[in-house]
Amino acid sequence: GTGIMVLLMLGIVRNHVQDSWRRSLPEDLPNYFFVNIPPDQRAQFIEFLKVRGAQTSRVLPMIRGRLTAINDRPVEGAQSAGDGENFAAREQNLTWTAELGADNSIVAGRWWTREDFGKPLVSLATEFQESLHVRVGDRLTFDIAAESISAIVGSIRKVKWDSFQPNFFIVFAPGVIDNTAGTYMTSAYFRPTGANALAQLAQRFPSVSIFDIDDLLARVRSVVDKAVFAVQSVFVFTVFAGLTVLLAAVQSSRDERRFESAMLRTLGASRMVVLQGVLAEFTVLGLLSGLLASAGASIAGYFVATRVLALPYGFDPSVWA
């Protein structure tokens with residue numbers, strides 16, 4: 001029963017992760033990313049996509065920079081927390097924008113208004129803020145195109161990264177780094193009939209890098225499915241081991257069952273009655289094992305889905321079947 005419970009729970013969690021992911025992704029979700037769009041070709045590039053039926057998302061500038069100091073203290077050797085990324089040591093992709101995207105929400109501070117344009121303000125994603133333990137009001141210094149630029153942390157953003165739209169850990173207010181040279185990036189949804197336009201796009205804009213999100217997601221799903229299959233295979237062998245133990249237990253009590261059957265036959269029970277008794281015993285054992293496995297898998301799957309993975313959970317009747 002325990003072995004079957006674990007098998008069912010893995011299936012429940014996998015199905016809920018995949019179903020919740022698919023439900024959360026709209027049909028017109030961007031399936032291509034375009035990076036390194038030259039500034040002088042930005043308008044032509046966007047027009048090229050729209051003419052061919054692509055639904056483009058927001059277009060954001062992008063420039064490389066490195067964080068050099070926090071509150072005038074150098075960040076050399078500073079280690080990040082959480083996911084192990086060393087945000088302080090590596091170059092960052094920076095951008096600037098006036099509008100806060102719908103997939104961003106302010107959790108600390110405030111987003112800038114038009115009166116703040118030109119002021120040295122920067123907004124950080126929660127992952128970056130938690131990694132370097134900075135707060136609203138701290139001063140960050142960046143090395144951008146061999147120029148030192150300082151900015152005050154004006155807000156902290158919670159980013160919904162699975163929106164598949166351009167998002168950045170670090171966003172400046174307009175008018176701060178606008179004059180630095182950089183490129184643009186965007187994402188777009190191409191209908192299946194529009195895939196041939198990519199070849200034309202690559203010929204006309206050779207410097208633009210194209211990333212096929214559908215292909216990347218398919219690979220991620222494949223890796224996840226293989227990992228789950230490997231784990232399930234291990235537990236399948238566990239179930240077989242449990243069955244072997246069960247058979248051994250049955251064999252060990254074989255003489256006792258023969259004695260009980262002989263006693264029942266002596267007392268007048270027919271062969272069918274004895275057989276029905278044995279079948280009833282094993283049927284009850286099977287039902288109890290299945291009941292415990294299904295109940296345990298449903299409860300464990302609920303807690304794993306809602307508490308660990310933060311996914312909505314719906315009880316699946318097929319588990320009990």
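Throughout, residues of each chain are indexed from 1 in the direction in which the sequence is written. Residue-level local features of this predicted model are given only where pLDDT is at least 70; pairs of side-chain atoms are given and counted only at 80 or more, and the full residue set underlies all totals for whole chains, interfaces and linings. Remark: hydrogens and water are excluded; side-chain values derive from all non-hydrogen atoms of the structure.

Contact pair helix H2 (residues 42–51) / helix H4 (residues 197–204): the axes reach a minimum separation of 11 Å and the direction vectors enclose 165°. Here H2 is positioned roughly antiparallel relative to H4, judged by the angle of their axes. The interaxial crossing formed by H2 with H4 has right-handed handedness. Counting all contacts with H2, which are made through Gln44, Phe45, Phe48 and Leu49, the residues of H4 involved are Ala197, Gln200, Leu201 and Arg204. Any residue that is not Ala, Val, Leu, Ile, Met, Phe, Trp, Tyr, Cys, Pro, Asp, Glu, Lys or Arg is counted as polar, Gly included; the first ten are nonpolar and the last four charged. Residues belonging to the contact of H2 with H4 are distributed by class as follows: 5 nonpolar, 2 polar and 1 charged. Lines are fitted to the C-alpha atoms to define the axes, a helix being fitted only along its stretch in contact, and any angle between axes, read from their N-to-C directions, falls within 0 to 180 degrees. We count a stretch as a helix when DSSP gives it H or I for four or more residues in a row; a strand needs E for two or more, and each element gets its number in order from the N terminus. Any angle that is under 35 degrees is reported as roughly parallel, and any over 145 degrees as roughly antiparallel; angles of 65 to 115 degrees are reported as roughly perpendicular and all others as oblique. Each crossing is labelled by how the near helix is turned from the far one, with a counterclockwise turn of less than a right angle marking it left-handed and a clockwise turn marking it right-handed. Residues are treated as being in contact if the distance between any of their heavy atoms lies within 4.5 Å.

Turning next to the packing of aromatic side chains. Think of a pair of aromatic rings as described by two things: how far the centres are apart, and how the planes are tilted against each other in angle. Ring geometry is summarised as follows: Phe, Tyr and Trp rings, the Trp one being its six-membered ring, pair when their centres sit within 6.5 Å, and such pairs are stacked at plane angles under 30 degrees, edge-to-face over 60 and tilted between the two. For the coordinates displayed, the defined rule picks out 10 aromatic pairs. When the ring of phenylalanine 34 is compared with that of phenylalanine 190, the centres are 6.4 Å apart and the planes differ by 75°; the resulting orientation is edge-to-face. Residue phenylalanine 34 is found in strand S1 (residues 32–37), and its partner phenylalanine 190 is found in the loop between strand S11 (183–189) and H4; the two are separated by 156 residues along the sequence. The cut-offs for exposure are 20% and 50% of the maximum accessible area for each residue type, with area from a 1.4 Å probe on protein chains only; residues under the lower value are buried, those over the upper are exposed, and the others partly exposed. By relative accessible area, which is 0% here, phenylalanine 34 ends up buried. Using a relative accessible area of 3% as the deciding quantity, one classes phenylalanine 190 as buried. Geometrically, the ring pair formed by phenylalanine 45 and phenylalanine 205 is edge-to-face, given 5.2 Å between the ring centres and 80° between the ring planes. Placement of the pair is phenylalanine 45 in helix H2 and phenylalanine 205 in the loop between H4 and strand S12 (209–212), with a sequence separation of 160 residues. Judged by its relative accessible area of 0%, phenylalanine 45 falls in the buried class. On the basis of relative accessibility, which here comes to 1%, the residue phenylalanine 205 falls in the buried class. Aromatic rings pair up to connect Tyr32, Phe34, Phe45, Phe48, Phe190 and Phe205 into one cluster.

It is worth spelling out the environment of arginine 52 at this point. By the secondary structure assignment, arginine 52 is in the loop between H2 and strand S2 (55–56). Put simply, arginine 52 and alanine 227 are 175 residues apart on the chain and 39 Å apart in space, counted from C-alpha to C-alpha. Excluding anything up to four places from it in sequence, arginine 52 contacts Phe190, Ala197 and Gln200.

By definition here, a salt bridge exists when the distance from a side-chain nitrogen of Lys or Arg to a carboxyl oxygen of Asp or Glu is within 4 Å. Going through the model one piece at a time under the given rule, you end up with 5 salt bridges. Between aspartate 103 and arginine 58 there is a salt bridge, with the nearest N and O atoms lying 2.8 Å from each other. With aspartate 103 in the loop between strand S5 (92–96) and strand S6 (104–109) and arginine 58 in the loop between S2 and strand S3 (60–70), this pair connects stretches of sequence that are 45 residues apart. What makes arginine 58 partly exposed here is its relative accessible area of 23%. Through salt bridges that share partners, Arg110, Asp116 and Lys119 make up one connected network.

The nonpolar side chains of a soluble globular protein tend to be buried with one another. The term nonpolar core refers to a set of buried residues drawn from Ala, Val, Leu, Ile, Met, Phe, Trp, Tyr and Cys, joined through side-chain atoms within 4.5 Å. Counting residues in hydrophobic clusters, the biggest one holds 21 residues, and the most contacted among them are Leu124, Leu140 and Phe172. Those elements that provide at least two residues to this core are S3, S5, strand S7 (121–125), helix H3 (126–132), strand S8 (139–144), strand S9 (147–159) and strand S10 (170–172). Take this core: its biggest share by element is 4 residues, from S9. If sequence neighbours within four positions are ignored, leucine 124 has contacts with Val134, Leu140, Val153, Ser155, Ile156, Arg157, Phe169 and Ile170.

Caution is warranted with low-pLDDT regions, since their predicted coordinates should not be read in detail. Of all residues in the chain, 91% have pLDDT values of 70 or greater, and the mean over the chain is 83. In this model, residues 79–84 is a region of pLDDT below 50 whose contacts with residues beyond four sequence positions or in other chains number 8 contacts. pLDDT expresses, on a scale from 0 to 100, how confident the predictor is about each individual residue.

What follows is about a nonpolar patch on the surface. Distance thresholds for patches are 9 Å for like charges and 5 Å for nonpolar side chains (Val, Leu, Ile, Met, Phe, Trp, Tyr), applied to residues having over 30% relative accessible area and no salt bridge. Using a 1.4 Å probe, accessible areas were evaluated by the Shrake-Rupley method; residue-level cover was limited to the displayed protein chains. Residues Val236, Phe237, Phe240, Leu243 and Leu246 make up a contiguous nonpolar surface patch of roughly 500 Å² in combined accessible area. Position of leucine 246 relative to the elements: it lies in helix H5 (residues 213–252).

A few words now on the pairing of S5. In terms of burial, S5 is largely enclosed, as 4 of its 5 residues are buried. When DSSP finds two or more bridges between two strands, those strands count as paired. Two strands pair when backbone bridges link them, and S3 and S5 are joined in this way by 3 bridges, in the antiparallel orientation. From the neighbouring strand, arginine 64 faces S5, where its bridge partner is asparagine 93. Relative to S10, S5 is paired through 3 bridges, and the arrangement is parallel. The residue of S10 that forms the bridge with threonine 95 is valine 171.

On to the environment of valine 278. Relative to the assigned elements, valine 278 resides in helix H7 (residues 271–308). For valine 278, a relative accessible area of 31% translates into the label partly exposed.

Once that is clear, we can look at the side chain of asparagine 104. As for its placement among the helices and strands, asparagine 104 is situated in strand S6. Take asparagine 104: its relative accessible area is 9%, and that puts it in the buried class. In protein, a polar contact requires one atom able to donate a hydrogen and another able to accept it; more generally it is a pair of N or O atoms within 3.5 Å, and residues adjacent in sequence count only if both atoms are side-chain atoms. At 2.9 Å, the side chain of asparagine 104 and the side chain of asparagine 167 are in polar contact. Apart from the residues within four sequence positions on either side, asparagine 104 is in contact with Arg58, Arg157, Lys158, Val159 and Asn167.

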